[in-house]
Structures are given as C-alpha cells and as structure tokens.
Amino acid sequence: MLTRTSTQSLTEQLASRFAERIRTRLLAPGARLPSVRECARQQGVSPHTVVAAYDQLLAQGLVEARRQRGFYVRDSIAAQAGAALSTLAPLAQPAVSRPVPADASTLIRGMFHRPSDKPQPGMGVFPSEWLASPFTAAAVRRVTSTRALQDFSLQYGEPAGDSGLRRSLATKLASINVPAGAEQIVTTVGATHALDIVSRTLLRPGDPVMVEEPGWALEFARLEALGMRILPVPRKADGPDLEVMERYCNAGDGHKPKLFVSVSVLHNPTGYSLSPGSAHRVLQLANQHGFHIVEDDTYSHLAPEHATRLCALDGLQRTVYVSGFAKILAPNWRIGFLAASPQLVGRMLETKLLTTLTTPSLFERALAWCIDQGQLRRHAERVRLRLDGARGRAVKLAIAGGCTLAAEPAGLFGWVDTGVDTDELTQHMLDEGYLLAPGSLFHARRPPSTLMRINFATAQDATFWKVFARVRAQL
C-alpha cells in the first residue's frame, strides 16, 4: 500500500508501482489503467495525486492517453497502428474497451516479479516453504567432493544426461508401467524444454497440432512461436473430446494433425484425469491416422495410484513421455526428461545437442541420489498430504467468496467460475496486490471467460477471498 512515511511522495510511489508492472508485463501492452476516480478510491489518495502519477507515466513513455477513454499501457507499434485506424475510421472505435487479457508471459513473469508479498492464488507452483527439505542439501554435498566438483566443472556431461539418473528414471517409470530403458531417456532443462525438443523433432512450421483446451497457456504460446497451427480439442472429465479429434483427423491431406499434446493425469487447469476407455480410443485414432502423442506428466508426483497413462498403454510406440521435478522438489535445479521409442530417441537427442549441447551433471546426479534413497518418494507423500488439507480449505473459501466449482477438485489446481469477466477481475485484483490466472489464458483464441484457475496451496488466505468478494461485487 502507499504510505505517507515513505521517502517518496504518494505520486512517485503510485507512478513507480504502475511502471514496475508495465516493465514486467504484469500490465500488458494495450491494458487500460483504472480511471482516475477508481484509482483514487482504490489507493486512498486524491484524484490530483492520480493525475500527477499518470502524467509521470506519460512523460516516461509507458502509457498513452486516449481522449475520453482513459490511459492505456503503451505499445509503440500498436499505438501507431491505432492512431492510423482512428484517423481513417473514427466511428469504428468501440465505445467501451475490454481489458487486454493477461498472456502466458504475464503469468510467468508474475512468478518472478510478485505484485506483493501476499499469497498469490494465480501462481502455478507450490510455495517455496512447501518444497523445503534437508535432503536436497545433503544430496548436493554428496556429489560435490573436491575431486567430483572439478570433474563436473571441467568437462561436458553425457549427451543424453547422467547415466545414473537415467537408470533411476527408468526404474521410476517402470513403477507406473511405462516401459523405458535408460537408453530411451534423455534429460532436459525442465519439462518445458522436453516438450520443445519433441516439437522441434516431430514438427515443421505450419504443421497442425492438437492441444487440449482449456490447457496450459505456455504450450499455446510456445507452439505458436514455432509457427505451428493449433487445433484446440475440448477437454472433458474423462479425456479429450474424441468427436472433435476425429473431425480433425478426417481433414484433407495437409490438414491432418501431426501431434497431440495431452496432460492425462491431473490436467492443468481442470484437475481431470484420463479414463481407460478414452485412452484406448485416443490410441486407436493415433494408430489409424498416424499422429504422435506427447504426454506431459508434470504432476505425476501428485497423481493417484493406478492413474491411466497413454504411454503405459501404448508402450511408447506412438507416444512420448515428458515429466520433470520443478513442481515437487527443486525448481532451480531445472531437471526434466523425456522417454521415447528406440526409433525416435536418437532424433530427440540430436535436437537436444543442437539446442543445449548437454545438461548439467551435478544436479542430475544429486537428483538420482534423492530418488534411489527414497527421499523424493517420502517428500512427495508429505506434500500430497498437506495439499489434501489445503484443497478442502480453499474450496470452502472459494464457495463462500461467491464462486462455483467448474470441475471436481483434484491435484494442485481448482477450476472455478466467478460469475464475472475474469480478465477485468484480474486487473482490479492486481491493484489489490493479487495475481490471478483468468480463464481466457487457458484458451488458444483467448475468448472472454468467467472462469479462473486457483492454486489450492496458495488460495487458503481468508483475507484474499474477502478482497476478492468485494472486488467481484463491484464488477
């Protein structure tokens, strides 16, 4: 909050707050700033203070004033194009402008540039205190003796990743019935890097790719950046919409999908898990129409026993398995991996070598120790137990705050209906110091939505839900 005891004036504090959000893209280009009157009310200052702060932002080139419409975050190219259009067709300008939705990079930047020290229900990760454990430091100490550290530092690691870790991962995959020897596994710089390797290996710009919707915004953005054509597949409680997939598959030559990206277990953002019947039909379609499937099992450490996985049923024939450890153990170790058929894994390794050469062996070997000693398994059990309690509390608070559950609560995320436009809600809550994950973020075409994703681990704060209810009522 703004304070009158600060060394900065209220005007300078307010201008600095908006400037930081604009530079970190928590306020995206084209986003509308609150009206002078609304901002004054929110911050408990006079309209004169707000006008002075907005003038500072104008002087810094961070915002632009649009006559009778308010102040907007400046984007030089968009601003120039908008100015030209308004000159040619002034009557075509809408009377009311909808807030620019937060994009994938906005949410990711929010992970590193928190809007405040308050709990952030829009985050996609566990709070750091949930992941803290004494055994990670012990694991690093074990693999960093003077000689070992020198050996690690003075040479590249193995191209496919540390052999000890790959053996540990092969054993871990066998426990969930995914058949992969160590030679079929390639380590990566996180699960996102693994997904990128799969895409760059199997696809070319312009290729059609089926992606579950709603789905993780980063995947839409990543595939679009590679020039792929996204084919959204609605995600149901038991799996993807098979009728939509079949229609895509029956398209003419050149339009048939080459890849399907799926989160089978504890889907983000809904928490849904794949049913065996749906899984078998998806694999039938893949074999019949010749597309590959990449199965993102990022939340495997939180998954219920005997969860259905496409890779287990298919035996890595048309499927590629991807997972990582940032969500459950040590995000800064940046360890992910993929498992593929012997026919594909060599091509995946070539792509890895072209993008990162090798991956750091030190943390890979430390992770292998954590797995082999059972430390990771016991840690994941503790986190799951804690999450179960948090989920129950967060659901009660969400319902009391005026939300309804759009999906059965499971895993880390809740998919809730707020009853109001969550893009607009996100901007207002950002002024209160809270980052949300609006529903439009999880769709390829970003349609308006009343849904939002909450993180059960960070949505237990009653104060947040009181603020949420107040802002929601105003909308």
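These numbers were taken from a predicted model, which means no experiment stands behind them.

So, the overall build of the protein chain
If you tally the helices and strands in the protein chain, you get 19 helices and 14 strands. Here the protein chain has a C-alpha radius of gyration of 24 Å; the compact-globule value for 475 residues is 23 Å, and the two agree. Counting only C-alpha atoms, the protein chain reaches 65 × 60 × 45 Å along its principal axes. Counting across all 475 residues of the protein chain, residues that qualify as buried make up 53%. A sequence separation of at least 24 residues applies to 74% of the contacts in the protein chain between residues at least 6 apart. About 21,100 Å² of surface is accessible on the protein chain, with carbon and sulfur atoms providing 54% of the total. Taken as two groups, the 53 positive and 42 negative side-chain charges of the protein chain have centres that lie 3 Å from each other.

Digging into the packing of helix H18 (residues 422–431) against helix H19 (residues 462–474)
At a closest axis distance of 10 Å, the pairing of H18 and H19 adopts a crossing angle of 125°. Regarding the angle of H18 to H19, the classification is oblique. At the point where H18 passes H19, the crossing takes the right-handed sense. Facing H18, whose interface residues are Leu425, His428 and Met429, H19 presents Phe464, Val467, Phe468, Val471 and Arg472. Of the residues assigned to the contact of H18 with H19, the class counts are 6 nonpolar, 1 polar and 1 charged.

Examining the packing of aromatic side chains
For the structure shown, the criterion picks out 13 aromatic pairs. Considering the side-chain rings of Phe464 and Phe468, the 5.9 Å spacing of their centres and the 40° angle between planes classify their relative orientation as tilted. Of this pair, Phe464 and Phe468 both sit in helix H19, 4 residues apart, roughly one helical turn. Take Phe464: its relative accessible area is 1%, and that puts it in the buried class. Linked through ring pairs, Tyr434, Phe464, Trp465 and Phe468 together constitute an aromatic cluster. The ring of Phe413 has Arg453 sitting right over it, with the charged end atom 4.0 Å from the ring centre.

A closer look at the side chain of Arg391
In this structure, Arg391 sits in helix H17 (residues 375–400). Within the structure, the side chain of Arg391 is placed 3.0 Å from the side chain of Asp388, a separation counted as a polar contact. If we skip the residues at most four places from it in the chain, Arg391 touches Pro409, Ala410, Gly411 and Phe456.

A short note on the environment of Leu475
Tracing the chain through its elements places Leu475 in the segment after H19. Between the alpha carbons of Leu475 and Arg386 there is a distance of 34 Å; along the sequence they are 89 residues apart. Residues contacting Leu475, with those up to four places away along its chain left out, are Val420, Glu424, Leu425 and His428.

Re the pattern of salt bridges
Side chains carrying opposite charge are able to pair once their charged atoms draw close together. If you walk through the whole model with that rule in mind, you get 17 salt bridges. Across the pair Arg200 and Asp196 runs a salt bridge whose closest N-O atoms are separated by 2.6 Å. Taken together, the positions of Arg200 and Asp196, both in helix H10 (residues 191–202) and 4 residues apart, correspond to about one turn of that helix. Taking relative accessible area as the criterion, Asp196 reaches 15% and is therefore assigned buried.

With respect to helix H7 (residues 134–142)
Residues Phe135, Thr136 and Ala139 constitute the buried set of H7. The buried residues of H7 all sit within an arc of 105° when viewed along its axis, so they share a single face. Exposed residues pointing more than 90 degrees away from the buried face of H7 are listed as Pro134 and Arg141. Buried residues along H7 sit against helix H16 (361–372) and H17.

Criteria and cut-off values
Residues numbered from 1 in each chain as written. Predicted model: local features only at pLDDT ≥ 70, side-chain atom pairs only at ≥ 80, totals over all residues. Heavy atoms only, no water. Helix = DSSP H or I, 4+ residues; strand = E, 2+ residues; numbered from the N terminus. Rg over C-alpha atoms; globule rule 2.2 N^0.38 Å. Buried < 20%, exposed > 50% of the residue type's maximum accessible area, 1.4 Å probe, protein only. Contact = heavy atoms within 4.5 Å. Areas by Shrake-Rupley, 256 points an atom, 1.4 Å probe, with all protein chains shown as cover. Lys, Arg positive; Asp, Glu negative; His and termini not counted. Charge placed at Lys NZ, Arg CZ, Asp CG, Glu CD. Axes fitted to C-alpha atoms, helices over the stretch in contact; angles between N-to-C directions. Parallel < 35°, antiparallel > 145°, perpendicular 65-115°, else oblique. Left-handed = near helix turned anticlockwise from the far one by under 90°. Nonpolar A, V, L, I, M, F, W, Y, C, P; charged D, E, K, R; others polar. Phe/Tyr/Trp six-rings, centres within 6.5 Å; stacked < 30°, edge-to-face > 60°. Lys NZ or Arg CZ within 6 Å of the ring centre and 35° of its normal. Polar contact = N/O pair within 3.5 Å; in protein donor to acceptor, adjacent residues only side chain to side chain. Salt bridge = Lys/Arg side-chain N within 4 Å of Asp/Glu carboxyl O. Arc of directions from axis to C-beta.

Interpretation note: all reported values are geometric properties and have no functional meaning in isolation.
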